[in-house]
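Spelled out from the first residue to the last, the chains are:
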Amino acid sequence: GWLLLLVLPRWTYTSTLVLNICVAYSILYTILLSRRMYNDAIGTNPLPEGGGFDSLNGVYALFRDRQVVLAGWTHYIAFDLFVGRYIVMDSQVH
C-alpha cells in the first residue's frame with residue numbers, strides 16, 4: 001500500500017487498491033479482536049489482570065497479551081495506511 005502511494009500516487013487504481021488493503025486489515029483486526037474477546041468471555045483465555053482502556057496502566061496490562069498486541073498492531077497498520085491514503089489523495093486535489 002505504501003509503495004503504491006509513494007511510487008504511483010496518481011495511478012488510476014492506487015486509491016482503490018490502497019483502500020482495499022485498508023479494508024482487509026480492518027477485517028483482520030475485527031476478527032482478531034472478536035476472537036480474543038470471545039475467548040475472554042467464555043473463560044478459556046482471560047485478559048490480563050487490570051487490563052482496560054481507562055488508564056495507561058490498563059492499556060499496558062492489555063499489551064502483555066500477544067493476541068491483543070497483534071490486534072493492536074493490525075489496527076495501527078490499517079489506520080496509518082488509511083490516513084496516508086487520505087493525505088496523498090487530498091494533496092492531489094489541493
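Procedures and definitions
Residues numbered from 1 in each chain as written. Predicted model: local features only at pLDDT ≥ 70, side-chain atom pairs only at ≥ 80, totals over all residues. Heavy atoms only, no water. Helix = DSSP H or I, 4+ residues; strand = E, 2+ residues; numbered from the N terminus. Buried < 20%, exposed > 50% of the residue type's maximum accessible area, 1.4 Å probe, protein only. Contact = heavy atoms within 4.5 Å. Expected span 1.5 Å × (residues − 1). Polar contact = N/O pair within 3.5 Å; in protein donor to acceptor, adjacent residues only side chain to side chain. Phe/Tyr/Trp six-rings, centres within 6.5 Å; stacked < 30°, edge-to-face > 60°. Salt bridge = Lys/Arg side-chain N within 4 Å of Asp/Glu carboxyl O.

Participant: I tried to follow the side chain of Thr14 on my own but got confused; where do I start?
Facilitator: For Thr14, the location among the structural elements is in helix α2 (residues 14–42). A relative accessible area of 0% places Thr14 in the buried class. Beyond its immediate stretch of four places on either side in the chain, Thr14 contacts Leu4, Leu5, Leu8 and Pro9.

Participant: Would you mind going over helix α4 (residues 66–93) with me for this structure?
Facilitator: Count 3.6 residues to each turn of an α-helix, and residues three or four apart come out pointing the same way. Over its 28 residues, α4 extends 41 Å from the first C-alpha to the last, a length consistent with the 40 Å expected when each residue adds 1.5 Å. Listed in full, the buried residues belonging to α4 are Val68, Ala71, Thr74, Ala78, Leu81, Gly84, Arg85, Val88 and Met89. Near the N-terminus of α4, the side chain that reaches the backbone nitrogen of Gln67, with its oxygen 2.8 Å away, is that of Asp65.

Participant: Even after reading the chapter, I still don't get the packing of aromatic side chains, so can you show me in this structure?
Facilitator: Aromatic ring pairs are reported here in terms of the distance separating the ring centres and the angle at which the planes meet. Considering all chains together, one arrives at 1 aromatic pair under this definition. Centroid distance Trp11 to Tyr13: 5.2 Å. Interplanar angle 75°. Geometry classified as edge-to-face. Given a relative accessible area of 39%, Trp11 falls into the partly exposed group. Relative accessible area serves as the criterion here: at 48%, Tyr13 is assigned to the partly exposed category.

Participant: What's the story with α2 in this structure? I'm lost.
Facilitator: Over its 29 residues, α2 extends 42 Å from the first C-alpha to the last, a length consistent with the 42 Å expected when each residue adds 1.5 Å. For α2, the complete set of buried residues consists of Thr14, Ser15, Val18, Cys22, Leu32, Arg36 and Asn39. Contacts made by the buried residues of α2 are with α1 (2–7) and α4. Immediately beyond the C-terminal end of α2, within one or two residues, lies Gly43, with a positive phi of roughly 85°.

Participant: Can you walk me through the pattern of salt bridges in this structure?
Facilitator: Oppositely charged side chains can form a pair if their charged atoms are brought close together. Tallied over the full model, the rule gives 1 salt bridge. Here Arg36 ties to Asp65 by a salt bridge, and the two come within 2.6 Å at their closest N and O atoms. Of the two residues, Arg36 is situated in helix α2 and Asp65 in the loop between α3 (56–62) and α4; the sequence distance between them amounts to 29 residues. In this structure Asp65 comes out as buried when scored by relative accessible area, which is 11%.

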